[in-house]
Amino acid sequence: MVRKVLWAFGGAAVAILLFAGVFLLYVTVTDYRPRETEPIVMEGNPDRVMKTGDAFTVTTFNIGYGGLDRDQDFFMDGGTGSRSSSKRQTELNLRGMGTFLSGLRSDIIFIQEVDIDSTRSYGINEADSLKVFLPGYGLSYADNYKMPWVPVPVLHPMGHVRGGMLTLSKFSSSSAVRYQLPGEEKWPRQQFDLDRAFIENRIPVKNGKELVLVNLHLSAFDKGGSIRKQQLHYLKAYIQKETALGNYLIVGGDWNHSLPGTDPKAFKTTQDWPEWLQPFPEDFKPEGFQWAVDNKVPSVRTVDLPFKEGLNFRAVIDGFLVSPNIEILHVEGYDLKHEHSDHNPVKAEFVLK
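Worth saying up front: this structure is predicted, and the values here are computed from it rather than measured. (Residues numbered from 1 in each chain as written. Predicted model: local features only at pLDDT ≥ 70, side-chain atom pairs only at ≥ 80, totals over all residues. Heavy atoms only, no water.)

### Here's the deal with the nonpolar core
With 23 residues, the main nonpolar core has F198, L216, L235, I239, V251, W255 and L321 as its most contacted residues. Looking at this core, the elements that each hand over two or more residues are β7 (175-180), β9 (210-217), α4 (226-244) and β10 (248-254). Considering every element that reaches this core, the biggest residue donor is α4, with 5 residues. Setting aside residues up to four positions removed in sequence, L216 forms contacts with Q112, M165, A197, F198, L235, V251, G252, G253, D254 and W255. Among the nonpolar cores identified, the runner-up in size contains 21 residues, and A292, I326, F350 and L352 belong to it. (Core = buried A, V, L, I, M, F, W, Y, C linked by side-chain atoms within 4.5 Å. Buried < 20%, exposed > 50% of the residue type's maximum accessible area, 1.4 Å probe, protein only. Helix = DSSP H or I, 4+ residues; strand = E, 2+ residues; numbered from the N terminus. Contact = heavy atoms within 4.5 Å.)

The structure is reproduced here in structure tokens:
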């Protein structure tokens, strides 16, 4: 009897190991491996021309795949959640954020963590959902998370994931390109991690130059920020190249760093500084560039537990870095109390000199 039980347990263990091995081989072979640069199909490209001297607005918003509303936590940050609480709640979150963005009437919008077809957001195409609230924009979408199955957390896995970033513009773009950022985790963790990237849109300006828009989402949970350092080194070289051409640059999105000119200590909390949040490197900012951030309004909360005013650690990690030939007229963060996302939107008004 004992021998039969041992054989049964042994057989089960071998079956589990065999399945795990086959699964790891499958995700390794089918791993999404984008080239360094890939053109993006632009949808509904407007014909509006950018001019110097005319004010325009840009908003950035990480929508947390429509599933990180104020009642949710996330396992990578110390919580237990890996999916939105329900399809209905995901739709409510998207409706709330879409309605808010519509009311801002921004000329350009950078959005991060937009799911196209994911288990965690119940298969909703969130780009299509947002388009309903934001007509009249040209759209550029790029994947940065594409996995047939993410098996963690074990008891309630994230499942199939396809998501990325979305840039919306009311100005005509001459091109849209996905840039793959450097830095990878060790195998097999990298197979289940995001392929970090940024979207570049080039907008012709009437004076013959270009306004280069960069919508980015840097790494968050790389230990010690080593991958983020590689990404910022790559980004700095990219910025220097565009600056040498005399172009206008707006680099914005979710930097996953505490941004210069801001201090998380300004926001009431009972939590310690989270391990994943890195101070922004002092030696990064290219000469003459300026930060467009609102240091009075936090743009992100910790998601190791649901949101409660005064409890969660909050910081400013969303904002814009702009070239010297752009004037910053106004910057405003909107504290939405994380009703529909773990982030808050930031809007800035600029004028090209």
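The rest of the description comes next.
### Things to note about the sheet that holds strand β4 (residues 108-115)
Sheet strands pair via backbone hydrogen bonds, and the direction of the pair is either parallel or antiparallel. Pairing is mixed in the open sheet, where 7 strands are placed in the order β2-β5-β6-β4-β3-β18-β17. The two strands at the open ends of the sheet, each matched to only one other strand, are β2 (42-43) and β17 (326-333). The pairing of strand β5 (residues 138-150) with strand β6 (residues 159-169) spans 10 bridges and is classified as antiparallel. Its bridge partner lying in β6, Y141 is registered against L166. Sitting on the sheet, helix α2 (residues 87-104) touches β3 (56-62), β4 and β18 (346-352), and the angle it makes with β3 is about 165 degrees. Along the sheet face, helix α3 (residues 126-133) touches β2, β4, β5 and β6 and points at about 145 degrees away from the line of β4. (Pairing = 2+ DSSP bridges. Axes fitted to C-alpha atoms, helices over the stretch in contact; angles between N-to-C directions.)

### Observations regarding the side chain of E200
Checked against the element boundaries, E200 lands in strand β8 (residues 197-204). Accessibility expressed as a relative area gives 2% for E200, which makes it buried. In this structure, E200 is in contact with S175, A176, V177, Y179, V212, L213, Y238 and E242, ignoring residues within four places of it in sequence.

### Some points on the confidence of the model for the protein
Averaged over every residue, the pLDDT of the protein is 92; residues scoring 70 or more account for 89%. Mean pLDDT in the protein bottoms out at helix α1 (residues 2-29), which sits at 56, and peaks at β3, which reaches 99. (pLDDT = per-residue confidence, 0-100.)

### Remarks on the pairing of β4
In terms of burial, β4 is a largely internal element, 8 of the 8 residues being buried. The β-α-β motif built from β3, the intervening α2 and the parallel element β4 has right-handed crossover chirality. By the bridge criterion, 6 bridges tie β4 to β6 in an arrangement that is antiparallel. Within β6, the position partnered with I111 by the bridge is L166. (Right-handed = clockwise from strand over helix to strand, strands pointing away.)

### Here we look at the packing of α2 against α3
Packing of α2 against α3 leaves a shortest axis separation of 8 Å and a crossing angle of 40 degrees. Judged by the inter-axis angle, α2 sits oblique to α3. As α2 packs across α3, the resulting crossing turns out to be right-handed. Residues T90, L94, R95, G98, T99 and S102 of α2 form the contact with α3, whose own contacting residues are E126, S129, L130 and F133. (Parallel < 35°, antiparallel > 145°, perpendicular 65-115°, else oblique. Left-handed = near helix turned anticlockwise from the far one by under 90°.)

### Side note on the side chain of N144
Of note, N144 is situated in strand β5. Classification of N144 as buried rests on a relative accessible area of 3%. Leaving out residues up to four positions away in the same chain, N144 has contacts with G163, G164, M165, R178, L194, D195 and H217.

### Observations regarding the pattern of salt bridges
Taken as a whole and judged by the stated rule, the model has 16 salt bridges. Salt-bridge contacts for K131 lead to E43; the nearest nitrogen and oxygen are separated by 2.9 Å. Taken together, the positions of K131 in helix α3 and E43 in strand β2 put the pair 88 residues apart, joining distant regions of the chain. The exposure class assigned to K131 is partly exposed, which follows from its relative accessible area of 25%. Residue E43 is classed as partly exposed on the basis of its relative accessible area of 40%. Notably, a salt bridge pairs D128 with K131, separated by 3.0 Å at the nearest N-O pair. One end of the pair is D128 and the other is K131, both in helix α3 and 3 residues apart, which spans about a single turn. Residue class for D128 comes out partly exposed when judged on its relative accessible area of 38%. One network of salt bridges, in which partners are shared, links E200, R202, E210, K241 and E242. (Salt bridge = Lys/Arg side-chain N within 4 Å of Asp/Glu carboxyl O.)

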